[in-house]
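Coordinate analysis (summary)
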Amino acid sequence: MKAALLAGSLLLIGAAPNWTTTVTPTPGGAYVLGNPKAKVRVTEYLSYTCSHCAHFVEESSKPLKTGYIARGTVSLELRNAVRDQYDFAASLLARCGAPSRTFGNSEAIMLTQPQWMAKIEGFAKANSARLSKLPINAQLVATAEGVGLMAIMQKRGYTAPQLRACLTSKPAQDQVLAMTDEAWNKRKI
């Protein structure tokens, strides 16, 4: 009898929400993972070509999510701080699809950083002259294809046309560049 009453009261109360499935876009283009009204907000200025950022994701992502974000006590705001064309391409690809996919996309790119970063030097030597003559959208697509970023995202279920659309989206480019300007020039991170 007591067990039935306890089970019934738990159904009425409902289980505590798992905030790791909640992603909220901000007006400035950032994404917030978790309870948007959490008392603590961690703001990450992320550069996909930054080894320290990759280390943070590798070491901290799981404990942060399971220990704090899931309970709603902490939220994580992801802002871009682009440093180069590879970083710009990765930022645009991480934002591809629904906001709910952003953090998974971002982690996939960061956790494979050693593999695609290892291709940059050879790609740059072989293609820098050709790329410099192309419009920015063509440069971004060629860069993402050349270093393997497109392949990473295709393993996540995206098609090449979807990825090209994300790379060449002017509104997405403008948001990433505005966050980058705010990070480096206004906040001076």
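The structure presented is a predicted model; accordingly, all values stated were derived computationally and were not measured. (Residues numbered from 1 in each chain as written. Predicted model: local features only at pLDDT ≥ 70, side-chain atom pairs only at ≥ 80, totals over all residues. Heavy atoms only, no water.)

What follows deals with the overall build of the protein chain. A tally of helices and strands in the protein chain yields 10 helices and four strands. Walking the protein chain from its N terminus toward its C terminus, one meets helices and strands in the order α-β-β-β-α-β-α-α-α-α-α-α-α-α. When its C-alpha atoms are laid out on the principal axes, the protein chain stretches across 75 × 35 × 30 Å. Buried residues in the protein chain amount to 44% of all 189 residues. (Helix = DSSP H or I, 4+ residues; strand = E, 2+ residues; numbered from the N terminus. Buried < 20%, exposed > 50% of the residue type's maximum accessible area, 1.4 Å probe, protein only.)

Looking now at the state of the cysteines. Enumeration according to the criterion identifies one disulfide in this entry. Note on cysteine connectivity: C96 is disulfide-linked to C166, with sulfurs 2.0 Å apart. In this structure the cystine formed by C96 and C166 twists about its S-S bond by roughly 75°; its chirality is therefore right-handed. Of this pair, C96 sits in the loop between helix 3 (85-94) and helix 4 (102-111) while C166 is found in helix 9 (residues 160-167), placing the two residues 70 residues apart along the sequence. Grouping residues by exposure puts C96 and C166 together as buried. No disulfide involves C50; its nearest neighbouring cysteine sulfur is the one of C53, lying 3.1 Å away. According to the relative accessible area criterion, C53 is buried, its value standing at 11%. (Disulfide = S-S within 2.5 Å.)

What follows concerns the packing of helix 3 against helix 4. Closest axis-to-axis distance for the helix 3/helix 4 pair is 8 Å, and the angle between their directions is 145°. Contacts between helix 3 and helix 4 involve A90, L93 and A94 from the former and T102, N105, S106 and I109 from the latter. By residue class, the composition of the contact of helix 3 with helix 4 is four nonpolar, three polar and no charged. (Axes fitted to C-alpha atoms, helices over the stretch in contact; angles between N-to-C directions. Contact = heavy atoms within 4.5 Å. Nonpolar A, V, L, I, M, F, W, Y, C, P; charged D, E, K, R; others polar.)

Turning next to the environment of A38. You can see A38 is positioned in the loop between strand 2 (31-33) and strand 3 (40-46). A38 gets classed as buried once you look at its relative accessible area, which sits at 13%. When the C-alpha positions of A38 and V74 are compared, they lie 5.2 Å apart, and in sequence the two are 36 residues distant. Those residues in contact with A38 that lie beyond four places of it in its chain are G72, T73, V74 and S75.

This part takes up the environment of Q175. Mapping Q175 onto the fold places it in helix 10 (residues 170-186). Sequence-wise, Q175 and G29 are 146 residues apart; in three dimensions their C-alpha atoms are separated by 5.6 Å. Aside from chain neighbours lying at most four places away, what touches Q175 is P27, G28, G29 and R95.

Once that is clear, we can look at the sheet that holds strand 4 (residues 74-80). Pairing is mixed across the open sheet formed by four strands, whose spatial order is 1-2-4-3. Each of the sheet's edge strands pairs with one partner strand only, and the pair in question is strand 1 (23-25) and strand 3. Within this sheet the neighbouring strands show an average axis-to-axis angle of 25°, counted without direction. Strand direction decides the pairing type here: strand 2 and strand 4, joined by three bridges, are antiparallel. Paired with V32 across the bridge in strand 4 is E77. (Pairing = 2+ DSSP bridges.)

This part covers the side chain of S47. Structurally, the position occupied by S47 is in the loop between strand 3 and helix 2 (51-69). A polar side-chain atom of S47 sits 2.5 Å from a polar atom in the side chain of D87. With residues near it in sequence (within four places) discarded, S47 still touches C53, A81, R83, D87 and M110. (Polar contact = N/O pair within 3.5 Å; in protein donor to acceptor, adjacent residues only side chain to side chain.)

Keep in mind these values describe shape, not function.
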